[in-house]
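The primary structure of each chain is shown beneath.
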Amino acid sequence: MRILVVGGAGYIGSHVVKALLDSNIKVRVFDNLSTGQEINLFQTAEFIKGDILDSDALLNALDGVDGVVHLAAKKAVGESMEHPEKYAQNNITGTLNLLNAMVQQKVNYFVFSSSAAVYGMPKETVLDETVPVHPINFYGFTKLEIERFLGWYDRLKGIKFISLRYFNAVGYDETGAIKGLEKNPQNLLPIIMETAIGQRESFSIFGNDYPTPDGTCIRDYIHVSDLASAHVLALQYLTQNNQTQILNLGTGRGLSVLEIVKKTEELLNLSLNYRFADRRHGDPAILTASAKKAKEVLGWEPTHSDLENIIRSTYRVYQS
Ligand code: UDP
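Residues numbered from 1 in each chain as written. Predicted model: local features only at pLDDT ≥ 70, side-chain atom pairs only at ≥ 80, totals over all residues. Heavy atoms only, no water.

Draft legend 1. Spatial organisation of the overall build of the chain. For the chain, the helix and strand inventory stands at 10 helices and 15 strands. A compact globule built from 320 residues would reach a C-alpha radius of gyration of about 20 Å, and the chain, at 19 Å, matches this within 12%. Across its three principal directions, the C-alpha atoms of the chain cover 55 × 40 × 40 Å. Split into buried and exposed, the 320 residues of the chain put 55% on the buried side. Here the analysis covers contacts within the chain between residues at least 6 apart in sequence; of these, 78% occur between residues at least 24 apart. Accessible area of the chain: about 14100 Å², with a carbon and sulfur share of 47%. (Helix = DSSP H or I, 4+ residues; strand = E, 2+ residues; numbered from the N terminus. Rg over C-alpha atoms; globule rule 2.2 N^0.38 Å. Buried < 20%, exposed > 50% of the residue type's maximum accessible area, 1.4 Å probe, protein only. Contact = heavy atoms within 4.5 Å. Areas by Shrake-Rupley, 256 points an atom, 1.4 Å probe, with all protein chains shown as cover.)

Draft legend 2. Up close: empty space enclosed by the protein. Tallying each qualifying case throughout the model produces 1 cavity of 30 Å³ or more. In this structure, the largest cavity occupies an estimated 40 Å³ of space. Lining the largest cavity are His70, Ala72, Ala73, Asn91, Thr95, Phe112, Thr142, Lys143 and Ile146. Secondary structure elements with two or more residues in the lining of the largest cavity: α4 (84-105) and α5 (138-157). In terms of residue count, α5 provides more of the lining of the largest cavity than any other element does, 3 residues in total. Residue composition of the lining of the largest cavity, grouped by class: 4 nonpolar, 4 polar and 1 charged. (1 Å grid on protein atoms, 1.4 Å probe; cavity = no way out; pocket = protein on both sides within 12 Å on 5 of 7 lines; lining within 4 Å. Points joined across faces, edges and corners; volume = space filled by probe spheres on them. Nonpolar A, V, L, I, M, F, W, Y, C, P; charged D, E, K, R; others polar.)

Draft legend 3. Layout of the sheet that holds strand β1 (residues 2-6). Spatially, β3-β2-β1-β4-β5-β7-β12 is the arrangement adopted by the 7 strands of the open sheet, whose pairing is parallel. Either end of the sheet is taken by a strand with one partner, and the two such strands are β3 (46-49) and β12 (245-249). Taken pair by pair, the neighbouring strands of this sheet meet at an average axis angle of 20°, ignoring direction. In the packing of helix α7 (residues 224-241) onto the sheet, contacts are made with β1, β4 (67-70), β5 (109-115), β7 (160-166) and β12, and the angle to β7 comes to roughly 160°. (Pairing = 2+ DSSP bridges. Axes fitted to C-alpha atoms, helices over the stretch in contact; angles between N-to-C directions.)

Draft legend 4. Looking closely at the sheet that holds strand β6 (residues 126-127). Strand order in the open sheet made by the 4 strands is β6-β15-β10-β13, with mixed pairing throughout. Looking at the sheet topology across the chains shown, the edges are occupied by β6 and β13 (255-256).

Draft legend 5. View of the site of the ligand. For the ligand, the set of nearby residues contains 14 residues, the closest of which are Leu188, Ser204, Arg219, Arg280 and Asp283. One nitrogen or oxygen atom from the side chain of Asn168 is found 2.9 Å from an oxygen atom belonging to the ligand. Residue Leu188 places a main-chain N or O atom 2.9 Å away from an oxygen atom belonging to the ligand. In isolation the ligand has 520 Å² of accessible area, and contact with the protein removes 85% of it. Among the elements of the structure, α6 (188-196) and β9 (203-206) are those that each provide at least two residues to the shell around the ligand. With 3 residues, β9 is the single largest residue contributor to the shell around the ligand. When its residues are assigned to classes, the shell around the ligand shows 7 nonpolar, 4 polar and 3 charged. (Near = heavy atom within 4 Å. Polar contact = N/O pair within 3.5 Å; in protein donor to acceptor, adjacent residues only side chain to side chain.)

Draft legend 6. Examining helix α1 (residues 11-22) more closely. Between the first and last C-alpha of α1 there are 17 Å, a value that for 12 residues agrees with the 16 Å anticipated at 1.5 Å per step. Among the 12 residues in α1, 11 count as buried, and that is most of the element. In this fold, the buried residues of α1 make contact with β1, β2 (26-31), β4, β7, β8 (168-170) and α7. Just past α1, the residue Asn24 takes up positive phi, approximately 60°. (Expected span 1.5 Å × (residues − 1).)

Draft legend 7. Representation of the layout of surface pockets in the model. A volume near 180 Å³ is recorded for the second largest pocket. Around the second largest pocket, the lining is made up of 14 residues, and of these Ala19, Asp22, Asp173, Ser225 and His304 lie nearest the centre. A breakdown of the residues in the lining of the second largest pocket according to their chemical character gives 2 nonpolar, 6 polar and 6 charged.

Structure follows, in structure tokens:
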């Protein structure tokens, strides 16, 4: 099997590439290196520098490929509300280019990196895949739109897909194989780490008056190596069952912002400089996944996602 990993030089993409290589699957990475980084590339994977807005480059990259994992997307929620046009062009137009190139090249298996952002502000706190989808930001809208296009491409063109709705991706490969740090991170863990290594003076905790035990938001933090293994299983499932699925990827366990901050201080034996700030617009109090369906369908279970491992694996990369 040869798999094209679109966005394979990025944070999640590089972990997916490693998991595929570790499973003896041949990998070709396609990435424009806008946020992906050369340092995340593996010598044992082919690399094509290209952009998903370039249809000819995609047709060329798809030559001889059995399936595609697509992770090339813009993902900053706040930016998506300020510059929806960038998100429309990259996440929607770019993905449609990719799907159209797949139709032309007769590549029928597609693993899509979707997001819990498709759910918006659900009234449920534990989300399974039947919870209604109502994105409240443009980023989440782009992910949902692509899932809907995929439904049609499945029916009309036989593209079988697995859409993986990630919860909060965190952590780094424990063998230290992936070293690229995200530039200008907006997410909690990298911001805590930048503070821990002294690159950032302090950070804010957005809200301490939520209806949760300590007042801070609760999320489902899933180790990126666990996310990566789900992509391998998804490709194996597609080739064996030729069937489309939409799956949440989370642990089912909720952790509050303060719990993460305190555990980081304890494990790294340091004191983090933070303050409580206003709630961030659009943040639900609690979001956790039901991981039941992914287990039933793929036999997938997180094995790297305990908090200590998440913190230590991330810190190691930040420290070096
Ligand atoms: N958060 C925070 N301070 C920050 C960044 C994030 O308190 O500087 C909180 C945020 O409000 C949310 C949680 O950390 O409750 C996770 O946020 P992140 O942006 O990492 O992921 P999201 O859940 O928005 O996808």
